[in-house]
Structures are given as C-alpha cells and as structure tokens.
Amino acid sequence: MKAAPVFEAGSHRWWIIYDQDEHRVIDSNVYVIESNGQSIILDPGGFEIFPQVFAAMVEVIPPSSLKAAFVSHQDPDIASSLPLWHACNDKMEWYVPKLWEGFIRHYGALNAPLQNISDEGGDVMIGGRRLEFIPAHYLHSSANFHVYDPEAKILFSGDVGAALLPPGHDAWVDRRDKTGRAFEEHIKKAKYFHERWMPSNAAKKNWIERVSQLDIQHLCPQHGAIYSGDNVKRFLDWFDKINVGTGIN
Amino acid sequence: MDIQHIMRVVDASFAARQSIEKALREIDRRALNAMVLVKRHGNALAGYGVVAQAFRERAAILKTSASHLQESIAPLIEAYMRILQHQRFAQSFQEMLSDSPLHGQACPNLISTQNTWQKIIQQEEVEAVKILGHLLETVQQLQEGIEEQEYVVTNGRIEAALAERTGAPLMRVSRDMGEAVRTVAQAIRSYRHQLESLEHESSTRL
Amino acid sequence: MDMEILQDYLPEARELLEKAQDDTLRLESDPNNDEVLASVFRAFHTLKGGAGFLEADHLVSWTHHLEDLLDKLRSHTLVINGSMIDAILRGLDVIDDMLQQLACGENPGPGPEELGQLIQELAAGKRAEGVSVNGPIESDATPSPPPSESMLLVSQRPTVAGEAGLFLERTESASSSETAADEITDAEFEATLDALYGNKAPGVTNASDSEHLNSDEISPEEFEQVLDQMYGKQAPGYEQPALTTPVSAKSTESEQAAAEIAPPTQSVSTTTSPSPEVTNASKVTPPARSAAAAQEAAETTLRVDAARLDAVMNQVGELVLLRNRLSSAIGSLGEENEDMLRIAREVDITVNDIQSTVMRLRMQPCKRLFQQLPRVVRDASRQLGKEVTLEIVGEDVEIDKAVVDALSGPMTHLLRNSLDHGVESPADRQAAGKARSAKIRVAAIHLGDKVRIEVSDDGRGIDSQFVTRKAVDKGVITAEQAARLSEQEAVELIFRPGFSTNDQVTDISGRGVGMDVVKETVRKLRGRLDIETKPGLGTSISMEFPLTMAVLPVLYLRLRREIYALPVSSIESLLDIQENRIHRMSGRSVYRVDGTEVIPMVDLGRLLHDRPLRLGSEPIEGILTERGLIMVSEVLGNEDSVVKPIDFLAEQNWYQGATISGKGNVVLILDAGALANHVIDHGGDSTIINISCKGAA
C-alpha cells in the first residue's frame, strides 16, 4: 500500500493509505490525521493487511506519535487488526461505538483501552484539534459513526461513498475534471455497494440533511476514492436520488 | 523478537529519513547557490564552478542512495509486522494447548500446527535479518557517498581560498556546504547504531 | 542605382560620417590641426566619389561644397571659426539624411538651400568673419594668406620607379586671381597626393595615355573628376574605415594626444581615457599610418555583414540547446557509458568554445556608442545656454553588438535629459557655490560577466517629492500608492510610461517618451537600470548589461506543476523560507533575510496562478533577487540557455522570452524586475501567506 497527503497546513495533515496489495480481502482505505506531533488512525483495517498498512503509515508519521484509533463500526475489514496495533502500542486509546464494544473485543484485545462513543456522537482532541464523531447509524451498520475535521473541512464517511475499484486505483475521483464525466464513470462502481449494503432510505435522508450543513472539501470513504471539491456535491446529489436497500429484488 | 525495540528502530528510521531528506535538500540548495554565484562572476570563478558542479552531482547521488534506503526500510518493517501477526497465531495455539487439561497429548494436530507456526516464524526472522543486513549495506553506501561529499567540500575550501580576491563569499558558501554535509553524516551515524543493535539482538537469538 | 555598390557604400559612408563628425568637433578645440583638417577633407572627398558612382547627384554636389570649404581650410586659405563648424556639422546631418534616403532605395533630393548657400559663401570666404549660425562661439580666425595665383598642369607618365604616375606642375598666371577661391596650391596638392597614395601611387588604367608626355592644362574640377573616376571610394590609402570595422579591437587612435590639450574657449570638451586592459601601445602609434600599414590591417580584418553574424549566433544558439538536450539524454540513460560520457563532455567543451568565439565576434567597443555624444552635448548645451564638460571613460570596453545598436537612442536621451533637467544654468551653479561649468560623465566599466554603462552629472539631483506630485497629477499612480512609496521608489517614477517632469515640452527632452523608453530598452536587452540621486549634488543613472546576448544562464524552477526559468544574473541566492522571518509592513509581506535586510515577498503562485502559495501546505523555496524574494515551489537547477523572443504576449507581462530546456520543453523566462515592480505597485494584495494555521495551533 502507499500513503498520499490529502490535506496539509503546517503541522496539521491528513493522509490516505490506499491500494492494498492483498486482493483476497476487500480493498480498504486507511486514514491518518496528524496534528502537532500527535496522530489518530481512522478504521485501521483488517488483521491480514496490518503489516502493509503499518509499513505505509510509518513512512508518513512516526509510530510513537499514534495516540488513538477510531473504529466506525464492528466489521473485520475495519477493526480486526486491533490486537496487533495494541501489541505495538498498548497506550493507544480506541474510540468505538458503544453498541459494538463487546463484539470488537472478540478480535483478541481483551485488555485494550476502548473508549465508547454513545449513539448521539462525540468528539476527541488530537494535538489540540477537535475531531467530531458524526452519527451515521444504519449506513450501513446499526451503530455507525463518521469523523469530521472542521479545520481541514474533511469528512471521513466510512462506507458511504464506497466504491469497488480494481487494484492500482487512484486515491481520488479525478479532481481536475470540470465536466463531471469522471464522477459519472466512478459512481457506476459505487452504485451496487450502496444499494446492497445500505439498508435505510430514511437514515440516508437524515444523514444527507445533516451532512449538507457541513463545509466539506474532501469526502473520504473507507473503500474506493476520495470525492473533492465539486465531486462532494455531485456525490451528495447522487446519493440523495438513489434508492437504497434494494440490492436484492 | 522484542516488538518495543523494533518500534524504537522504526521511530529512529522515521527521524533519520526526515533529517537526511532535509539535509540533502539543504545540500542541493547550497550547491545550486554556489553555481549561481559562480555563473554571476563570469569566468573568474571557473575553478569553483567545477567544485560546485561536483557537489551538486554528489548530492544527486546521495539522494538516490537515500531513496534506496527508504525502499529497504519498508520491507523490513513489513517483515517484522508479519512476524508479529504470525506470533499471534502461534500464541493462540499455545494458549489452547496450555489451557487443555491433557496438555495437548490428545491432540497431536494442534501440536503440529503450533510447531508449523513456530517454524514459519523462525524462517521469517531469518528473512528479516537478511533484509536488515541489506539495509545496513545501503546505509554503508550512503556513508561512503557522504565521505566523498566531504572530500568535495574540502576541495571547495581550497578553491575558495584561491579565489578569495574576487570578493565572492565563497568561504561562507563552503562553510555552509560543510555544515549541511555534517548534518547528514551525523543523522546516518546514529541511525546505523540503532540498526546494528537490532541486528545484534536478532542474530544472538537465532 | 547599382545595388551592389550601394551595399558597399552605405556602411563605409556612415563610418566616414561618424569620423568626420568626431573630427569636426575636435577642430573646435584644435582648429589648426592639419591632420584633422585633412581627414575631414578626405571624408567628404570619398563620400563624393562614391555618390558619383551611385549617380546620387545631389549628394555629389552637397559633398562637393563641403569638400570645397574643407579644402580652403586645409590649405589655410580660410581659417576655421564657430560658424563654419556649425555649418559643417549641420552639413553632416544633411548627408546622414541623404544616406538614409539611399538606404531606402531613393535617390536623395537636394539639400536645404539656405544651408547650401551658407556653405558656399563660407567657402568663398564671403562670410569668413560672418555671423554665427547657432549661438555665440568665439572665432579665432586669423588673416587668410593671399590667394595664390597659379594654374595647375597635370600629366600622366611613368615614375622614376617605372610605375605609372600622375604629375602636376604649376604655372604662374595673372589672370587666375578671380577664381582663386576654387584653386589649390601645388604644395597642398602634393600633400593631398601623398595622403592619398603614400609613396607608391598605383598606375593609371589607360596605358596609351601614359605614353603622352605632353602635359595638358586642366582645371581643378576636371582633375577631381579624373581622380573620382579612377579610384572613387576604392582609392588606396583610405585606411581609416578599414580600421574601425567591428572585428578590429584596436580602434584607439592618437586622440589622447589631441585631447590632452586644454580646450581654450568653447564649452564642450571631450576627454577619453582607455580602460586599463588596453596596453599603452596605442599611444605610441604614429599619427599618420603609412599606406603599407593600412594594407596590412586591411588583410587581417574583414568586413562582415551583421546579418551573417546574427545567423551564426542563432545557429550557435541552436547548438547550445542541442548540447543541453544531449547532456540531458545521456544523463537519463541510467547506466554509465564511459564513451558516451566522454563524448558528451567533449561536445560540451567544444560548444562552449564556439560560443565564446562567436560571442567575441559580436563584441564591439563602446566607442561606437559614445562617439555621437560630444555632438549631442555640444548642441544641447549651446541651445540651453549651459556650460558642460563631457568626460568619456572606457570607450574600448567591449559589449554585445545588440547593446551598442539599441542603446544609441537611449544614451542620447539620457544625456539630453541630464542637460535639460539635471544641469543648472551657469548662474545658478555659481549661486549654489559650484563651478560654472557642469560635468557630465559617461563611463563603460567591465564587471565580471557584465558591463555597466553610467551617465552621471553634478547637477541639481532629482526632487522625489516633486516627482511624486507630478506622477499623481499625471495619473501615473494614485495618491494612495504615492503615500506608500519609499524615496527611491518615488525617484524611479521617472521611468514610468507617460511621465515627464517638464510642464513645457521642450525640444531637448520632455517629449513624454523618454525615460520609460530607456527603461524598456534596457529591459529588452536583459539589463538592469538603476538611478541614484543626491539633491544638489547630482544624479547617476547606471545600466548593467550581460556581456553577451548570445547565451543566457538560467535557473529552472517549478511552480506547482509548471516549469519556469529565471536569469541567473538576477539571482542573489536561494533560501529556505522560514515562517518566523515573514513580517507585514505597511500592507506588504516582507522577508527578513538577515539581521538588517528586509525585502518584499513576491508570491509567484498568486501572480501566475492567482492562487497564493501556502506555507506549510505545499513546498516553498525562496529565490532572493535584488528587489524581492520570489517564492516558488522548488528550485530545479541551472543551465546555459538561449533566449527565443516571444512576440505574442501583451506589452505588460512577467516574461522576457522563452527557451528550450534540456528535456526539450519550451520554458518561459521570468523577468524578476517586472515581478518585483508589480508587487511594489500592488503591495497590499499581492502577497498573502497562509500562516493562520499557526495561530490555530
């Protein structure tokens, strides 16, 4: 896997670790936020891809800077690497949905310091900067959160916006394409995922209403590629129109 | 395998790489600065021009060596993390065996799986030491490159002394160059110590 | 009109004209210098000869009258005075116009009748003590010797040495006194012949005539005609023009000796001092070169059409670019190939050698640029009633032909400007406790890979407040902008288009086109213009030019994804931008380079991309130039490059041309001065660096 900067302003940075080398498990993106020498890892990934995620991560931040991890929901592609991270650094705090705490410990981290996020959301301070946990329940997990960085104007959107891309894919949906054609091409690869894995049109509508209030420059999904600039609105409009929970008819 | 020792080495790698990159940029800028200075003085500083050119070429070679260094660090870290991953498996089988009242006597398959994992881990550790050895060679090359660069800096001082009458601030330029080279040399030296201690630990255990 | 003859005639005629003007000015201080008188005479004679071939009848008759006048002076039949010098100078201007017409393929029309009449009357001695044409100049006329009464007999016959020759005898004649003014004495004629042919006059073409031992009586006019037909402009012994060809470096003549004599009466004087690089050999050169020496010089120097030199330079430019591409291609081969590397190195050295040789071919002494100046100062000072001494230094400093060619207008303007605005009237100077006579100094100085040309005066200096007020009145800048200007920036307003400090447009300067044109010319020549002024003490304007225009060492830089080039000559050093050195000062972002030096920041991202570079978010490096710290994404490296002019850009832009990089890409060359100026003008909004992240931390 490789790391690329998403945002950089002085000591405040976002990185994406993407394009997995192991193809037998679903391709996932891992994000790292660094602020004044402290960092947090978002959806650190599955057990099987841990070595490559770790190796790519230490190219951009020193492992000793890692203070916390965020787990959007209970799935293995998101949290099964927990015991390995814990072995490397047992001081790391784990922010997990309260509903899933007992499930997540099954990955083999009985003693790891887990911090519960209650259904209404919450926040965390990293290197003096506040990150918000935005509720996104039923998108797709029944207890599910996204992360918003108001200063960088980035929303980590978990499975929302996910697309199934072939190996060697880009980190971004083409940012310089003004016509929207690149977006149209990309979203075809996202359609089935949303129809099949997202169960609730009501949850979707509620989420769009809340997220539309946020100033978002980059919308970062856990699978696929980042939507930046105009593509953020294009995605929200597209998501608004699509009928979810319809993967099987 | 002492995972905390490895973490310290990974942190040291990160720091070393950052300071080497920064120092190499600095070296490159110093070299370009010198070349600009030489160009601005027409033919009067041609001798120093040769030095500045050599300095910049060396800096480019150092940059290449440094990128090789980076290419070797990532596989090493990945190798150690794979060992960590597999130790988890071995450990869980170990736990099953020790938790069983029969101490595994009734379950030869379990013992054999546990042994297989131990073997895999051992092979992987040998592999990791090999990668570590390779990394140390790269570090060695980088150090040699820096020694050559120090030689060029010395030549530069001589040329600067010869060209002093032109009034160009070559002595200062040479001093700056020397400083930038020393920074890299220092970063590399301390990084090498870290790697060597890890190598020592790994080979005594194997 | 015979075009081939015309092509040969024009450059030579122009050189003769320049020389004649120089000589004429020297006559002001040294009226009895026979050498100089003869030289001017010869110039007119040769001009006339060539004009005859071209059937430019009006030019023939015009030069004839001038030749006539000079002949009288040369023979001391008349004595030179101020009116005559004026008339000769104005006569030279008319010839210049006529040459222009010839160059355009037209047959020149008649010269101005009044001046023609005047010259004829002067030649006839009718106005010898006459009224001065153009202001007061003391005439140091002495009584003319009585006109000689003689007839000339010319015969063609073999000389003692067996070569064909011309012989002339004089017979006394009482009846000739009426036409005396048109006649020359035999002694003078001998002198002319000597000057023309030296000791080995070539044979005449008509062999049958040479057998005639009978001498015929001919009038001087007829004789002139014979001379013209036989030799025209090709008369041997006319060594002067050949010696001032562009490829000849030793153009210094014996002027020093003449110049050392203190100017007795007039207000303009010229002193020339050679730069130390030239040996003193020129001082011992005998004043009159023998024909043999001239012959030798003619064989070692070659007159080459400037267009051919330009072609060679362009081709060398292409070669330099190809060399760069070769180096780049070999560099990217990856594996080291000893042979290839050696070949590349040798190509490199050879191309460098060719480059410097061609560069030298194009070099010309600044003398060519300076020689018109004494006349400019003389005319302007008399017109303005000011007293000025002109000092010229470094005539032999060589610089690219393009600079010499392009700078002649601007130099004239600078001098006129200095005389008009800088130099005070003698009375004012006296009142201010200065010498009545002002001093203007023109100097060329060799500085490494540059040549500096300075024009300085000891006049009243420039009042920055006055300049600022004028600039605001004329709408050159707004009052708001004016308030932000430093003293120096205010003075530099005189270089803005549309600026002229004189309320009344005068004939001398103040035409509203002037200093901005000077600046633009300097910019086009990739030079630098500086002005330094001290109230009451004077002003100095200096221009620095690259030694050669053929090659431009550039630094390649990257702004985000694009590559640009910046001339190395404008770069002081390269810096790592440190946030704590950035400050805001009266609405501008400035950078503290070291303890004391603070310099405006020029954000290339904002200027060229309309999107400022953001420190901390993207890589930024600084290029320190004299007037601003230019911020770029990355500095890439340097290369000796060749400029290709770009003509499709608007007048006001940041570029001074384009080049082709070693990788074969077209790269725009930035103009550091234009960038810095823009920031100085629009300081408030030009550089905003995002340092807000720091505040949030």
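All residue numbers refer to positions counted from 1 along the written sequence of the respective chain. Chain letters and ligand numbers both follow the written order, the letters beginning at A and the numbers at 1. In keeping with the predicted nature of the model, local features appear solely for residues at pLDDT of at least 70, side-chain atom pairs appear and are counted solely at 80 or more, and the whole-chain, interface and lining totals rest on all residues. Note: side-chain values were computed over all heavy atoms of the structure, leaving out hydrogens and water.

A. Structural context of the overall build of chain C. Each helix corresponds to a stretch of at least 4 residues labelled H or I by DSSP, and each strand to a stretch of at least 2 residues labelled E; elements are numbered beginning at the N terminus. Counting secondary structure elements, chain C contains 25 helices and 22 strands. Only protein chains enter the accessibility calculation, which uses a 1.4 Å probe; a residue whose area is less than 20% of its type maximum is buried, one above 50% is exposed, and one in between is partly exposed. Buried residues in chain C amount to 48% of all 697 residues. In chain C, the share of contacts with a sequence separation of at least 24, taken over all contacts with a separation of at least 6, comes to 71%. The Shrake-Rupley method, run with a 1.4 Å probe, gives the accessible areas here. Residue values count only the displayed protein chains as cover. As displayed, chain C has an accessible area near 32,900 Å², and 52% of this comes from carbon and sulfur atoms. Two residues form a contact once any of their heavy atoms are found within 4.5 Å.

B. Fine view of the packing of aromatic side chains. Residues and elements named next belong to chain A. In summary, the pairing rule links any two rings of Phe, Tyr or Trp, Trp by its six-membered ring, whose centres are within 6.5 Å, and it sorts them by plane angle into stacked for under 30 degrees, edge-to-face for over 60 and tilted for everything else. A complete count under the given rule lists 18 aromatic pairs over all chains for this structure. Between the aromatic rings of tryptophan 100 and phenylalanine 103, the centroid separation amounts to 5.0 Å while the plane-to-plane angle is 85 degrees, which identifies the pairing as edge-to-face. Ring centres 5.7 Å apart and planes at 80 degrees place the aromatic pair tryptophan 207 and phenylalanine 239 in the edge-to-face group. A residue pair is termed long-range when its members are at least 10 positions apart, and tryptophan 207 in helix 6 (residues 201–211) and phenylalanine 239 in helix 7 (residues 230–241) qualify at 32 residues. Since its relative accessible area comes to 0%, tryptophan 207 is described here as buried. Feature note: the residues Trp14, Tyr31, Phe70, Tyr95, Phe133 and Phe156 constitute an aromatic cluster, connected by ring pairs. The lysine or arginine in question, arginine 175, covers the ring of tryptophan 172, its NZ or CZ lying 3.7 Å from the ring centre. Across the ring face of phenylalanine 239, the terminal group of lysine 204 is positioned such that the distance to the ring centre comes to 5.7 Å. Sitting over a ring, as applied to charges here, requires NZ of Lys or CZ of Arg to be within 6 Å of the ring centre and within 35 degrees of the ring normal.

C. Representation of helix 3 (residues 57–74) of chain C in the model. Residue and element names in this part refer to chain C. For a helix, the expected span equals 1.5 Å multiplied by the residue count minus one. The end-to-end C-alpha distance of helix 3 is 25 Å, a good match for the 26 Å that 18 residues give at a rise of 1.5 Å each. Those residues of helix 3 lying buried are Leu59, Trp62, Thr63, Leu66, Glu67, Asp68, Leu69, Leu70, Asp71, Lys72, Leu73 and Arg74. Positive phi shows up at histidine 76, right after helix 3, with a value of about 60 degrees.

D. The arrangement of the interface of chain B and chain C in detail. Counting residues at the interface gives 10 residues for chain B, matched by 19 residues for chain C. Of the roughly 1,300 Å² buried between chain B and chain C, counting both surfaces, carbon and sulfur atoms make up 49%. Each of two parts loses accessible area, computed with a 1.4 Å probe, when they are put together; buried area is these two losses added. The largest share of the area that chain B buries against chain C comes from Arg29(B), Lys39(B) and Arg40(B), three residues that together contribute 49% of it. The working definition used for a salt bridge is a side-chain nitrogen of Lys or Arg within 4 Å of a carboxyl oxygen of Asp or Glu. Across the chain B-chain C interface, the total number found is three salt bridges. Put simply, Arg29(B) and Glu621(C) hold a salt bridge, and the shortest N to O gap is 2.6 Å. Counted as a polar contact is a pair of N or O atoms within 3.5 Å, where, for protein atoms, one must be capable of donating a hydrogen and the other of accepting one, and residues adjacent in sequence contribute only when both atoms are in side chains. In this structure, the connection of chain B to chain C is made through four residue pairs in polar contact (both at pLDDT 80 or more). In terms of residue count, helix 1 (residues 3–40) of chain B provides more of the side of chain B that touches chain C than any other element does, seven residues in total. Here the side of chain B that touches chain C is composed, by residue class, of three nonpolar, three polar and four charged. For this classification, Asp, Glu, Lys and Arg are treated as charged, while Ala, Val, Leu, Ile, Met, Phe, Trp, Tyr, Cys and Pro are nonpolar and the rest, including Gly, are polar.

E. Structural detail: the sheet that holds strand 3 (residues 30–35) of chain A. Residue and element names in this part refer to chain A. Only strands joined by at least two bridges in the DSSP assignment are considered to pair. The strand order across the open sheet formed by seven strands is 1-2-3-4-5-6-7, and the pairing between neighbours is mixed. Since the sheet does not close on itself, it has two edges, and those belong to strand 1 (2–9) and strand 7 (114–117), each with one partner. Mean inter-strand twist for the sheet, computed between neighbouring axes without regard to direction, equals 20 degrees. Bridge count for strand 5 (residues 66–70) against strand 6 (residues 93–97) is three bridges, and the pairing is parallel. Each bridged residue has a counterpart across the sheet, and for alanine 69 the counterpart in strand 6 is tryptophan 94. Strands in contact with helix 1 (residues 50–57) are strand 1, strand 2 (12–18), strand 3, strand 4 (38–42) and strand 5; relative to strand 2, the strand with the most contacts, it is inclined by about 145 degrees. All axes here are fitted lines through C-alpha atoms, helices being fitted over the stretch that makes contact, and every angle between N-to-C directions spans 0 to 180 degrees.

F. Just the UniProt feature "modified residue: Phosphohistidine" (unreviewed entry) in chain C, in detail. Residue and element names in this part refer to chain C. UniProt positions are given in the numbering used here, feature names are shortened, and annotations may be inferred rather than shown by experiment. Mapped onto the present numbering, the UniProt feature "modified residue: Phosphohistidine" (unreviewed entry) falls on His45. Looking at the element boundaries, histidine 45 is found in helix 2 (residues 34–53). Looking at histidine 45, the relative accessible area reads 7%, which means it is buried.

G. The arrangement of the pattern of salt bridges in detail. Residue and element names in this part refer to chain C. Throughout the structure, instances matching the rule amount to 63 salt bridges over all chains. Close ionic contact of arginine 74 with aspartate 71 constitutes a salt bridge, the shortest N to O distance being 2.5 Å. Highlighted residues: arginine 74 and aspartate 71, both in helix 3, separated by three residues, approximately one helical turn. For arginine 378, the salt bridge goes to aspartate 379, with nearest N and O atoms at 3.2 Å. By relative accessible area, which is 2% here, arginine 378 ends up buried. A cluster of three or more residues bridged by salt bridges with shared partners is formed by Glu28, Asp86, Asp93, Arg375, Arg378, Asp379 and Arg382.

H. Up close: the interface of chain B and chain A. Taken together, the contacts link 17 residues of chain B with 20 residues of chain A. When chain B packs against chain A, close to 1,600 Å² is buried across both sides, 66% of that on carbon and sulfur atoms. The largest per-residue losses of area from chain B upon contact with chain A belong to Phe14(B), Gln85(B) and Arg88(B), which jointly make up 34% of the total buried on that side. Scanning the region where chain B abuts chain A turns up zero salt bridges. The interface formed by chain B and chain A holds six residue pairs in polar contact (both at pLDDT 80 or more) in total. Broken down by secondary-structure element, the contributors of at least two residues to the side of chain B that touches chain A are helix 1 and helix 2 (46–99) of chain B. Ranked by the residues each element gives to the side of chain B that touches chain A, the list is headed by helix 2 of chain B, at 10 residues.

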